[in-house]
Amino acid sequence: MRADRLVAVLMLMQTRGRVTAAELAAELEVSVATARRDLEALSAAGVPVYPQPGRGGGWSLVGGARTDLSGLTAAEARALFLLVGPAASLSDHARAALRKLMRALPGTFRADAEAAAEATVTDPVRWGGHDRPRPPVIDLLQTAVIRRHRIRLTYAGHTGKQTERLVDPWGLIDKDDVWYLLAGTDRGRRTFRADRITHAEPTGEPADRPDDFTLATAWQEVSDEIERRRSRTWATVLIEERFAPILRDRFGRHCHLDGEPDRGRVRVRLAAPTPLDIARDLAGWGSLIEIVEPRSVRDELVRIGTELVTRHSHGDAGASRLGGW
């Protein structure tokens, strides 16, 4: 959850003593499902909030209606700041929220809480990768999701062609430092890459969203479908057992050991969208890897090898031609 919203939740509970998810959603302008997840996240992080079922129930801070942040134990304060600390490095608002939380703690807890907030750094960039700038449209999209306002998008598809869409924004997903918008359209649910949104404009119209919608469930469905498309072609290969972890790192969930090692080699099942995709990933392994099946992957490897031999077998002649420029 966002650090600034976490502060708002705690302060609201401190003031009212007991709140329902619906009351919290109305106050913070989020969905009831989001408010409930925020409360559950606080509880899971060790903050003393608990639900009371039945009429007149809701969520309360342990200790009663007048309990404030000074009622946290040292362990609970550490848990809270371990949760929100990494988020504070991402925005000025999050840092401001963290400072407010710090001032609300008893003085004896502040040193440990400050150390906890600085104990974890989130680095989303993969080794050898580059930092992807956060798309500038994200703040506008977040506001539209929270306030449930319909937006008009100009979107560049994978071919580069731009189209205009009127969408109901349902939620945002940050996956491996790439942002996606999940939205309702006249053609049903759609997923948009935020870095392909070239323009976004709120319309002020109320957005529609299914009553039973939850972002986590919807994104899991989208993820499962994408992974199915990414694994349309399967191949079986033989490789030395010591190299299997490298294949697992490259192919991720689409890499499975198939049986026990035999004379130092293991059978591995790999998947990618097409035979060519698998062949391209395996071409650099040379004789270290053997394709058992399918034949289509072997044929692509042979074709790639033939092209390389043809292109590079007369290296001196090629270098002479380049030297003539």
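Each value, and the rule that gives it
Residues numbered from 1 in each chain as written. Predicted model: local features only at pLDDT ≥ 70, side-chain atom pairs only at ≥ 80, totals over all residues. Heavy atoms only, no water. Axes fitted to C-alpha atoms, helices over the stretch in contact; angles between N-to-C directions. Helix = DSSP H or I, 4+ residues; strand = E, 2+ residues; numbered from the N terminus. Parallel < 35°, antiparallel > 145°, perpendicular 65-115°, else oblique. Contact = heavy atoms within 4.5 Å. Nonpolar A, V, L, I, M, F, W, Y, C, P; charged D, E, K, R; others polar. Left-handed = near helix turned anticlockwise from the far one by under 90°. Buried < 20%, exposed > 50% of the residue type's maximum accessible area, 1.4 Å probe, protein only. Pairing = 2+ DSSP bridges.

Novice: So what's going on with the packing of helix 2 (residues 21-28) against helix 3 (residues 32-44)? Which residues, and what values?
Specialist: If you want to describe how two helices pack, look at the angle between their axes and the distance between the axes. Helix 3 packs onto helix 2 with a crossing angle of 110° between their chain directions and a minimal axis gap of 8 Å. Comparing their axes, helix 3 and helix 2 come out roughly perpendicular. Taken together, the residues of helix 3 that come into contact with helix 2 (itself represented by A21, A22, L24 and A25) are V32, A35, R36 and L39. Of the residues belonging to the contact of helix 2 with helix 3, the class tally is 7 nonpolar, no polar and 1 charged.

Novice: Can you tell me about the packing of helix 10 (residues 275-282) against helix 11 (residues 295-312), naming the residues and giving the values?
Specialist: At their nearest, the axes of helix 10 and helix 11 sit 8 Å apart, and the two run at 55° to each other. With respect to helix 11, the element helix 10 is oriented oblique. The two elements helix 10 and helix 11 cross, and the hand of that crossing is right-handed. Two secondary-structure elements touch here, helix 10 through P275, L276, I278, A279, R280 and L282 and helix 11 through S296, V297, E300, L301, R303 and I304.

Novice: So, unusual backbone geometry: which residues are in play, and what are the values?
Specialist: The general pattern is negative phi for most residues beyond glycine and trans for most peptide bonds. Look at the link from E293 to P294: it is a cis peptide, with omega at 10°. Note that P294 resides in the loop between strand 12 (289-293) and helix 11. In this structure, R148 is a non-glycine residue whose phi angle is positive, near 55°. By the element assignment, R148 lies in the loop between helix 7 (138-147) and strand 4 (149-156). A relative accessible area of 37% means that R148 is categorised as partly exposed. One non-glycine residue, D176, lies in the positive phi region at around 55°. Along the polypeptide, D176 turns up in the loop between strand 5 (162-175) and strand 6 (178-185). Given the relative accessible area of 46%, D176 is considered partly exposed.

Novice: Would you mind going over the environment of E205 in detail, with residue names and values included?
Specialist: With respect to the secondary-structure elements, E205 resides in strand 8 (residues 197-206). For the pair formed by E205 and R150, sequence separation is 55 residues and the distance between their alpha carbons is 5.5 Å. Beyond its immediate sequence surroundings of up to four residues, E205 is in contact with R148, H149 and R150.

Novice: Summarise the sheet that holds strand 12; cite the residues concerned and give the values.
Specialist: The strand order 10-11-9-12 describes an open sheet built from 4 strands, whose pairing is antiparallel. Each having just a single partner strand, strand 10 (255-257) and strand 12 make up the two edges of the open sheet. Strand-to-strand twist in this sheet, taken as the mean axis angle between neighbours without regard to direction, amounts to 30°. Alignment of strand 9 (residues 233-240) against strand 12, held across 4 bridges, turns out to be antiparallel. Paired with T236 across the bridge in strand 12 is E293.

Novice: An account of the pairing of strand 5 is needed here, citing residue identities and associated values.
Specialist: Pairing geometry for strand 4 and strand 5, over 6 bridges, is antiparallel. Paired with A156 across the strands is Q162, a residue of strand 5. Adjacent in sequence and paired antiparallel, strand 5 and strand 6 are bridged by 2 residues, among which D176 carries a positive phi angle near 55°.

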